[in-house]
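Chain by chain, the residues run as shown.
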Amino acid sequence: MWLSFYLTVFVTLLFLGVPGYLLGRTLGLPRMTALLAAAPLGMAVICVMGQVLSMAKVPATPAMMVGLPSALLLVATLLRNRFFPGVRDGAPAVHPALVALFLVAGLAAGYIFLAGILPSPNAFHQDYDSVHHINSIRAMMDSLSMSPLDGSSYSTESDALVAVQPTGYYPSGWHVLCATVALTTNVSVTSAINAVNLALMAVVYPLSMLLLLSTIFPGRTRVVALGTAASLTLTIFPWGICNWGPVYPNIAAFAMLPALCTLFMRAFMQGGIRRAAASHLAAWFLATCGAVLLHPNVVFSIAVFLAPWIVAQLGSSSLRIRLGSRATIGPRALATLFAVFFVIVWVGATKIPAFADLVSYHWDSFAEGDGAIANVLHLSYMRGMWPAPDAEQLFPAAILLVGGVLLISRRDTHWIVAPYVIAACMMYVACCSTDDAFRSVLIGYWYSDPYRIGSLATIFSVPLISYGLDAMAEGACRLVRLTTARNWRALPAVAALVVAAVYVPLALFYPGQARNGFSYEKSSPWATYVSYAYRAYSHDAPLTYQETDFMESVHRLVGDELVINQPYDGSVLGYGVTGLRCYYRYYSGYGSSSETWQSRVIRQRLYNIANDPQVQEAVESVGAHYVLVMSTDERNNTFVKNTYDATKWSGINYITDDTPGFELVLEENGYKLYRIK
């Protein structure tokens, strides 16, 4: 089982890396840049293929999704190398040894923070968003329709006819990737989810961060190397967010975010080499399009990082725009105008109808003013929001402060602090602001979700912490140079190793204040994270192991027959987890104007099928011949308490062995399957 799981991780990396690298080389990217930015480029290839095949009504098999474009891109790469030799890369180089370092560190951290915690490869976080994720992936696998624009859990031709409510646009690039990988390796949907997430967090994110750090700190190998410790020991991202929501598509987009920002920056570091600049811009555009189909807020995340960089570049340039014969606009004025323009566009975009649902979604504040400030300063962004425990990471917070002060003191690096400061301010608003209009403008593009914004702040804090760690290493070197070991050549490398060896345990095990239930206590970031992660993956509600086994037995008995179910008894996850064609695959939308009449009648009056012609017509219309009844106990049938209304499910809850029109055909542990007579 575990061997198949790790093979699935490897397949995920191949599916992202091979077509992504070849696309980068076809566009003219240098080898190293193409390698480190392969994941977002590969995501673009997979999404394009999924949409094209969906529109052409061609089955989206793994061979078509990955094999065909990889073969075509290989030919294109060879032809380009033959007729259009590559040009010199004017952007900062990336040392190959650093790739190995980030890979090893990322894989080790991935095992410690995720793989080593999973009770089994098939374990999954049973929370609200899992329902959509798991069912949508299964629907793609069954239908072989991999459109990244379709988030439906009813994708097969037969299921589309009986969908209980319509579905709109939902960015589904991550689901497409999971479905393609699961079809290839023949693992369960939940195992594929864990494998894809592990690949994203343990490999894609570290390599993406390596590309960014190497670009903003050119020639500073030690700063970049220490980025391994800085990027992989902050518990909120990439690790903690995996246990929240779960918002897996946003994890994928954030994992690729550093590379997306870097491709744009490197396009303007080519020293006048136009072809190289055009190659990087084309790669950035395609990679961003792929990432948008993971989650659209990646565009605004890119903007938060790149806007300060653009302002800094304009302000330090010699660019002047002449207005008439006398007036000119100088670099500082251009930088100011761009900043104003950026703010206008940012605020104006909140008024676009397409973003209405996004920016109007609100989370309640969960910290007072002083507590919110402490959360930001101590890197415990979610502290106080239950059920999202988050312990203070005091040592990284101190190093971040040192790095930030040092970066601000240098004219060529002060802009690096700005993205983090902006994200920190956004986090403060997420913690304590009660002004919905202000929240919509500032943090609405992330659903005002504190965990997503905290993850953004975490990503942007890595350069500051890396620089602070380098300052510690340099301080240690200066102390040693006062001794007889001042000419020791290995001193810089040894200093970095010592600093990392001291930093990692202090970052993870130095205790800070954390929330435990409704009280606060001292706890290390690692202990707090592990407690939350174990709880997330050991959850057996609403779908217990016994219920899963029963639904698998039902699936073997009924095959592809449609089964009417009461989703709040755990069977809402049944389709995605077991493949059983459950009729109800969502938690919400019941009673709305978009619900089909068949669904409404079945929910409320199915138990009266023997005497109600309309119920008979509804059941015949959807083609169902079976009813699944598991727990009808309101205390146990769902942990999403605020969405369950037993009165809406009388049609199923009232069915017993004595109800006319139903025949008991299978029973285990009190769970029952009835055939509709």
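The structure this text deals with has already been given above.
Residues numbered from 1 in each chain as written. Predicted model: local features only at pLDDT ≥ 70, side-chain atom pairs only at ≥ 80, totals over all residues. Heavy atoms only, no water.

Caption draft 1: Up close: the overall build of the protein. Scanning the protein from N- to C-terminus turns up 28 helices and eight strands. Here the C-alpha radius of gyration of the protein, 27 Å, is about what a compact globule of 677 residues would show, namely 26 Å. In terms of overall dimensions, the protein has a C-alpha envelope of 90 × 60 × 55 Å along the principal axes. Counting all 677 residues of the protein, 57% fall into the buried class. A separation threshold of at least 6 residues defines the contact pool for the protein, and within that pool the share at least 24 residues apart is 73%. In the structure as shown, the protein presents an accessible area of about 27300 Å², 62% of it carried by carbon and sulfur atoms. Taking the average location of the 41 positive side-chain charges in the protein and that of its 39 negative ones, the two points are 21 Å from each other. (Helix = DSSP H or I, 4+ residues; strand = E, 2+ residues; numbered from the N terminus. Rg over C-alpha atoms; globule rule 2.2 N^0.38 Å. Buried < 20%, exposed > 50% of the residue type's maximum accessible area, 1.4 Å probe, protein only. Contact = heavy atoms within 4.5 Å. Areas by Shrake-Rupley, 256 points an atom, 1.4 Å probe, with all protein chains shown as cover. Lys, Arg positive; Asp, Glu negative; His and termini not counted. Charge placed at Lys NZ, Arg CZ, Asp CG, Glu CD.)

Caption draft 2: Quick look at the pairing of strand E7 (residues 662–668). Sheet analysis places E7 next to strand E8 (residues 671–676), joined by six bridges and oriented antiparallel. The residue bridging leucine 664 from the neighbouring strand is tyrosine 674, located in E8. Connecting E7 to the next strand, E8, in antiparallel fashion are two residues, including asparagine 669 with a positive phi near 55°. (Pairing = 2+ DSSP bridges.)

Caption draft 3: Here's a closer look at the packing of aromatic side chains. Using the criterion set out here, one finds 43 aromatic pairs in the structure. Across the ring face of tryptophan 649, the terminal group of arginine 603 is positioned such that the distance to the ring centre comes to 5.6 Å. (Phe/Tyr/Trp six-rings, centres within 6.5 Å; stacked < 30°, edge-to-face > 60°. Lys NZ or Arg CZ within 6 Å of the ring centre and 35° of its normal.)

Caption draft 4: Local environment of the layout of surface pockets. For the second largest pocket, the calculated volume is near 470 Å³. If you trace the second largest pocket, you find 22 residues lining it, with Ala105, Thr228, Ala229, Ala500 and Val504 closest to the centre. At the level of secondary structure, the elements contributing two or more residues to the lining of the second largest pocket comprise helix H5 (96–115), helix H10 (221–232) and helix H22 (491–509). With eight residues, the top contributor of residues to the lining of the second largest pocket is H22. Grouping the constituent residues of the lining of the second largest pocket by class yields 19 nonpolar, two polar and one charged. (1 Å grid on protein atoms, 1.4 Å probe; cavity = no way out; pocket = protein on both sides within 12 Å on 5 of 7 lines; lining within 4 Å. Points joined across faces, edges and corners; volume = space filled by probe spheres on them. Nonpolar A, V, L, I, M, F, W, Y, C, P; charged D, E, K, R; others polar.)

Caption draft 5: Examining the sheet that holds E7 more closely. If you trace the four strands from one edge of the open sheet to the other, you get E5-E6-E8-E7, paired in mixed fashion. Of all strands in the sheet, those with a lone pairing partner are strand E5 (562–564) and E7, marking the two edges. For this sheet, the mean angle separating the axes of adjacent strands, direction not counted, is 30°. By the bridge criterion, four bridges tie strand E6 (residues 624–629) to E8 in an arrangement that is antiparallel. What sits directly across from valine 627, in E8, is tyrosine 674. (Axes fitted to C-alpha atoms, helices over the stretch in contact; angles between N-to-C directions.)

Caption draft 6: Structural context of a nonpolar patch on the surface. A cluster of nonpolar side chains, contributed by Leu7, Phe10, Leu14 and Val18, occupies part of the molecular surface with about 350 Å² of accessible area. Residue position: valine 18 is located in helix H1 (residues 2–27). (Patch = residues over 30% accessible without salt bridge, like charges linked within 9 Å, V, L, I, M, F, W, Y side chains within 5 Å. Salt bridge = Lys/Arg side-chain N within 4 Å of Asp/Glu carboxyl O.)

Caption draft 7: How the structure looks around the nonpolar core. Judged by nonpolar contacts, the single largest core of 217 residues is most densely connected at Trp174, Tyr420, Trp446, Ile564, Leu606 and Val627. Here the element with the most residues in this core is helix H9 (residues 189–216); it accounts for 20 residues. Setting aside its immediate chain neighbours within four residues, valine 627 contacts Val563, Ile564, Leu606, Ile652, Ile655, Phe662, Lys672, Leu673, Tyr674 and Ile676. (Core = buried A, V, L, I, M, F, W, Y, C linked by side-chain atoms within 4.5 Å.)

Caption draft 8: Seen up close, empty space enclosed by the protein. All told, the structure shown has two cavities of 30 Å³ or more when counted by the stated rule. Each pocket or cavity is described by its volume, and for the largest cavity that value is around 80 Å³. Lining of the largest cavity is provided by Thr235, Ile236, Gly240, Pro389, Asp390, Ala391, Tyr451, Pro525, Thr528, Tyr529 and Tyr532. Those elements giving two or more residues to the lining of the largest cavity turn out to be helix H11 (235–239) and helix H23 (525–537). At four residues, the largest contribution of residues to the lining of the largest cavity is made by H23. Here the residues of the lining of the largest cavity are counted per class, giving seven nonpolar, three polar and one charged. By volume, the second largest cavity amounts to about 50 Å³.

Caption draft 9: Structural detail: H22. In this model H22 runs 27 Å from its N-terminal to its C-terminal C-alpha over 19 residues, within 8% of the 27 Å that 1.5 Å per residue would give. Within H22, burial applies to Leu491, Ala495, Ala496, Val499, Tyr503, Ala507 and Leu508. (Expected span 1.5 Å × (residues − 1).)

Caption draft 10: Up close: the pattern of salt bridges. Counted by the stated rule, this structure contains 14 salt bridges. The salt bridge partner of arginine 222 is aspartate 470, with a shortest N-O separation of 2.7 Å. Of the two residues, arginine 222 is situated in helix H10 and aspartate 470 in helix H21 (residues 450–480); the sequence distance between them amounts to 248 residues. The pair arginine 222 / aspartate 470 is uniform in exposure class, with both members buried. Aspartate 657 is paired through a salt bridge with lysine 672; the nearest N and O atoms lie 3.1 Å apart. Separated by 15 residues along the polypeptide, aspartate 657 in the loop between helix H28 (650–653) and E7 and lysine 672 in strand E8 bring together distant segments of the chain. Take aspartate 657: its relative accessible area is 38%, and that puts it in the partly exposed class.

Caption draft 11: Quick look at the side chain of glutamine 165. Inspection of the secondary structure assignment puts glutamine 165 in the loop between helix H7 (157–160) and helix H8 (173–185). One polar contact links the side chain of glutamine 165 to the main-chain carbonyl oxygen of serine 588, over a distance of 3.1 Å. Beyond its immediate chain neighbours, meaning those up to four positions away, glutamine 165 contacts Tyr586, Ser588, Gly589, Tyr590, Ser594 and Glu595. (Polar contact = N/O pair within 3.5 Å; in protein donor to acceptor, adjacent residues only side chain to side chain.)

Caption draft 12: Broad picture of the environment of proline 450. Along the polypeptide, proline 450 turns up in helix H21. The contacts of proline 450, once residues within four sequence positions are left out, are Trp363, Phe366, Met382, Met385, Met427 and Ala430.

Caption draft 13: A look at helix H19 (residues 417–432). Taking 1.5 Å per residue, 16 residues should reach 22 Å; H19 reaches 23 Å between its end C-alpha atoms and fits that length. In this fold, the buried residues of H19 make contact with helix H14 (297–315), helix H17 (369–377), helix H18 (394–408), helix H20 (436–443) and H21.

Caption draft 14: Broad picture of unusual backbone geometry. Note the cis peptide between phenylalanine 237 and proline 238, where omega equals 10°. For proline 238, the position within the fold is in helix H11. Going from glycine 245 to proline 246, the amide bond is cis rather than trans, its omega being -10°. Inspection of the secondary structure puts proline 246 in the loop between H11 and helix H12 (248–267). Located in the positive-phi region is tyrosine 447, a residue other than glycine, with phi close to 60°. By the element assignment, tyrosine 447 lies in the loop between H20 and H21. Phi is positive for asparagine 669, close to 55°, though the residue is something other than glycine.

Caption draft 15: Geometry of the environment of arginine 478. In this structure, arginine 478 sits in helix H21. For the pair formed by arginine 478 and proline 492, sequence separation is 14 residues and the distance between their alpha carbons is 9.9 Å.

Caption draft 16: Region of interest: the state of the cysteines. Taken as a whole and judged by the stated rule, the model has zero disulfides. For cysteine 289, which is in no disulfide, the shortest distance to another cysteine sulfur is to cysteine 47 and amounts to 9.9 Å. (Disulfide = S-S within 2.5 Å.)

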